[in-house]
Amino acid sequence: MEALYLTIPMAMCIAAFFLWVFILAFKKGQFEDIESPKYRMFFEEEFPKEPTNKDKDGSNTQS
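Now for a look at the structure at hand.

Rules used throughout
Every chain begins its residue count from 1, and numbering advances along the sequence as written. Reporting in this predicted model follows two pLDDT cut-offs: at least 70 for local features of residues, and 80 or more for side-chain atom pairs to be given and counted; totals over whole chains, interfaces and linings ignore these cut-offs and use all residues. Side-chain measures were taken over the full set of non-hydrogen atoms in the model, leaving aside hydrogen atoms and water. Helical segments are the DSSP runs of H or I of at least four residues, strand segments are the runs of E of at least two, and each set is numbered from the N terminus. With a 1.4 Å probe rolled over the protein chains alone, any residue whose accessible area is under 20% of its type maximum counts as buried; one over 50% counts as exposed, and the rest are partly exposed. Each accessible area is a Shrake-Rupley estimate made with a 1.4 Å probe; only the visible protein chains count as cover when residues are assessed. Ring pairs shown here join Phe, Tyr and Trp side chains whose ring centres sit within 6.5 Å, with only the six-membered ring taken for Trp; geometry is labelled stacked below 30 degrees between planes, edge-to-face above 60, and tilted in between. To estimate the expected span of a helix, subtract one from its residue number and multiply by 1.5 Å.

**Section: the overall build of the protein**
Now for step 1: Of the regular secondary structure elements, the protein holds 2 helices and 0 strands.
Now for step 2: Residues counted as buried form 0% of the 63 residues belonging to the protein.
Now for step 3: Of the roughly 6800 Å² of accessible surface on the protein, 64% is carried by carbon and sulfur atoms.

**Some remarks on the packing of aromatic side chains**
Now for step 1: Tallying each qualifying case throughout the model produces 4 aromatic pairs.
Now for step 2: Taking 5.6 Å as the distance between ring centres and 35° as the angle between the ring planes, the aromatic pair formed by Phe22 and Phe31 counts as tilted.
Now for step 3: Through a chain of ring-to-ring contacts, the aromatic side chains of Phe17, Phe18 and Trp20 assemble into a single cluster.

**Some details on helix 1 (residues 2–27)**
Now for step 1: Between its terminal C-alpha atoms helix 1 stretches 39 Å, which fits the 38 Å expected from 26 residues at 1.5 Å a residue.
Now for step 2: Gly29 sits one or two residues past helix 1 and shows a positive phi near 85°.

Below, the structure written as structure tokens:
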């Protein structure tokens, strides 16, 4: 029974902390748009530029 006097207040403090973290994340807009980030990688506009003056093994031809 004495253990409950310690564990219940500790559990309430931990729950309050996680509630506070959730409220902060919600206020910052963390949960506004959960669908588009997973599709954003399919519509990438920028392509990597191919290196110039390189031969097949990737070393410079101008040493």
